[in-house]
Amino acid sequence: MSAPTSVHQYDEKDSQKDVEVAVYATGDDSQLELLGYKQEFKRDFTFLGLFSLTSSELAVLPGVAGTIWYTMGYCGLVGMTWGWFVGALMGQPLAYSLAELASAYPTSGGLYYWAFMTASPKYKKLSCYVVAWSMIISTPLSCCSITYSAAQMLIAAAQMAYPNYIAAVWHVYLVYVAMMFASYLIICLPTRYVSWFNIWAYAIGTALLIVTTIILPAKAEELNSGKAIFTEVYNQLDWPTGWSFCMTFLSATWTLSGYDVAAHVAEETSNAAINVPRAMVWSTWSSGILGFVYLISLALCATDIDSLIANPLGQPIGTLTGQILGNKAGVALLVINFFAQFGCGVAFFVAASRIFFAYSRDKALPFSNWLSVVDKRTHTPNNASLAVFLISTAFGAISIGSDTAFEAFFSGSTLAGQISYILPVLGRCLYENNPEYTSGPYNLGRWSRVIRWIAVAWNFFIMPLVSFPEGPNPAAVDMNWAVVIYVPFQIIAMIYWWFWGYKTFTGPQPNTKHQ
């Protein structure tokens with residue numbers, strides 16, 4: 001009989017029933033051993049800390065500010081309301097599907113491990129290999145994207161506060177490097193301090209979000225009607241209106257992604273099989289609802305969309321706040337947005353470092369022995385964190401030479417992330433009667449199959465959207481480079497797989513023996 005819940009080989013006399021009983025009867029550390037790994041971290045993440053970490057990564061306040069171009073800039077008021085609503089709602093089946101897998105396999109490998117365990121025997125290694133490459137592309141670059149966007153926000157705040165200040169690209173890069181270094185220092189601390197940091201970051205960000213949502217329409221001299229914000233379409237793209245509206249879904253898709261960070265710190269979380277999936281689902285629902293209410297508030301106040309989009313600072317929400325509350329309030333909002341986005345960047349940094357650690361533990365990366373070391377004093381993967389910092393700093397330097405080239409990598413990271421999210425779920429759908437799969441305590445029951453197929457269908461619809469430019473025949477600066485960046489990486493990976501990888505890459509590697 002095939003191995004039940006671990007990637008390593010069991011005696012054929014082991015039964016699926018025995019493993020099910022063992023998994024539910026033992027604690028976190030014992031369950032991790034069943035998955036093939038020894039416990040190396042301290043489990044200092046409580047549910048509150050994990051929920052705050054995940055919600056900080058979703059970061060509604062800066063997320064909406066950074067993606068307002070997809071909503072207001074593509075379809076006006078309807079894009080801000082219904083565009084977000086549809087994108088957020090239809091993203092939930094994927095969150096539920098991945099939460100179910102997180103409960104079954106609570107390990108730092110996350111998506112990479114799940115892809116191996118859910119695929120059929122013939123495609124296990126290939127599916128795992130593609131997800132591994134996609135995550136290596138996606139997560140560090142997402143970390144760069146979030147942090148660089150926050151650096152731009154701080155520079156924009158400085159320009160609003162000091163009109164004579166002339167910003168240069170290298171100014172943004174220096175702020176970016178400083179933020180990356182601060183993030184590195186934070187995540188090298190013991191896990192309990194990282195947890196506390198995210199609890200406070202999330203609490204402050206949410207409080208500001210609620211205050212802003214209330215005060216903007218209360219202080220605005222002119223408001224759009226309730227009917228207008230739900231019915232008026234202002235197509236600003238060269239695509240047909242229907243397709244432009246579909247592209248507004250990208251705001252919620254981009255903002256409400258990254259919740260898999262909860263899975264990547266599963267080995268640092270108490271009661272992981274329950275707390276990890278709950279954090280994933282609760283954070284996506286709460287962030288989706290908060291974002292929808294916030295965008296309704298902004299849509300009520302956005303009476304002159306053209307001037308907001310054309311503002312020279314590239315910060316429509318900061319400009320809108322300045323118009324309603326005054327320049328000082330606009331600066332203050334941008335600065336607080338900056339700190340909220342910094343917390344988001346720290347959360348992405350945590351995910352990237354744990355991904356590098358988990359893959360190195362499985363001997364899937366160069367310098368794996370060094371990258372997989374866990375600091376004995378802090379119980380955190382500080383070598384992997386240092387690697388993420390150095391790679392991120394190097395990528396950021398591209399921005400000095402070309403903003404277009406730098407942003408091209410981010411487009412590719414978004415597509416890579418979508419692919420890595422869907423492959424484990426697709427594996428479950430296509431290999432439904434997998435004898436190796438055992439549901440965790442958090443599962444969808446009889447609704448699991450339907451929800452998973454909805455997630456797959458929606459994701460296959462979203463992936464082309466992620467890759468589309470703003471109009472036909474775009475110039476280089478307007479081009480969406482997602483496919484151009486991602487596909488060559490995967491072609492190189494597949495060439496390696498075809499000639500050598502299928503022989504040498506075996507997927508997750510256990511570092512302890514099942515007793």
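Residues numbered from 1 in each chain as written. Predicted model: local features only at pLDDT ≥ 70, side-chain atom pairs only at ≥ 80, totals over all residues. Heavy atoms only, no water.

Draft legend 1. How the structure looks around the nonpolar core. Within the largest apolar cluster, 130 residues are counted, with the highest numbers of intra-cluster contacts made by V64, L98, W114, V276 and L298. For this core, the leading source of residues is helix α18 (residues 327-361), giving 18 residues. In this structure V276 touches L50, A102, A262, A263, A266 and T269, once residues within four positions along its chain are discounted. Listed in part, the 20 residues of the second largest apolar core include L237, L250, L465 and Y486. (Core = buried A, V, L, I, M, F, W, Y, C linked by side-chain atoms within 4.5 Å. Buried < 20%, exposed > 50% of the residue type's maximum accessible area, 1.4 Å probe, protein only. Helix = DSSP H or I, 4+ residues; strand = E, 2+ residues; numbered from the N terminus. Contact = heavy atoms within 4.5 Å.)

Draft legend 2. View of the environment of N337. Among the secondary structure elements, N337 is positioned in helix α18. Between the C-alpha atom of N337 and that of A59, which follows or precedes it by 278 residues, the distance is 9.5 Å. With residues up to four places along the chain from it excluded, the contact list for N337 reads L61, P62, A65 and M153.

Draft legend 3. Representation of unusual backbone geometry in the model. Even without glycine at this site, F367 takes up a positive phi of about 60 degrees. Look at F367 and you get exposed, because its relative accessible area is 69%. A positive phi is found at H379, a non-glycine position, where the angle reads about 60 degrees. H379 gets classed as partly exposed once you look at its relative accessible area, which sits at 26%.

Draft legend 4. Inspection of helix α7 (residues 111-118) at higher detail. Burial of α7 is extensive: eight of the eight residues sit out of reach of the surface. Of the residues making up α7, those classed as buried are L111, Y112, Y113, W114, A115, F116, M117 and T118.

Draft legend 5. Quick peek at the packing of helix α6 (residues 92-104) against helix α15 (residues 272-301). Relative to each other, α6 and α15 sit at 170 degrees, their axes nearing to 8 Å. By the angle between their axes, α6 is roughly antiparallel relative to α15. Counted together, Q92, A95, Y96, L98, A99, A102 and S103 of α6 and A273, V276, P277, M280, V281, T284 and W285 of α15 form the full contact between these two elements. In the contact of α6 with α15, the residues fall into eleven nonpolar, three polar and no charged. (Axes fitted to C-alpha atoms, helices over the stretch in contact; angles between N-to-C directions. Parallel < 35°, antiparallel > 145°, perpendicular 65-115°, else oblique. Nonpolar A, V, L, I, M, F, W, Y, C, P; charged D, E, K, R; others polar.)

Draft legend 6. Expanded view of the pattern of salt bridges. Per the counting criterion, the structure on display carries seven salt bridges. Between E267 and R361 there is a salt bridge, with the nearest N and O atoms lying 2.9 Å from each other. Of the two residues, E267 is situated in the loop between α14 (261-264) and α15 and R361 in helix α18; the sequence distance between them amounts to 94 residues. Accessibility assignment for this pair places E267 and R361 in one class, buried. Put simply, E432 and R452 hold a salt bridge, and the shortest N to O gap is 2.7 Å. Here the residue E432 occupies a position in the loop between α22 (403-430) and α23 (448-467), and R452 occupies one in helix α23, the gap between them amounting to 20 residues. Several salt bridges converge on common partners, so that one network encompasses E100, E432, R449 and R452. (Salt bridge = Lys/Arg side-chain N within 4 Å of Asp/Glu carboxyl O.)

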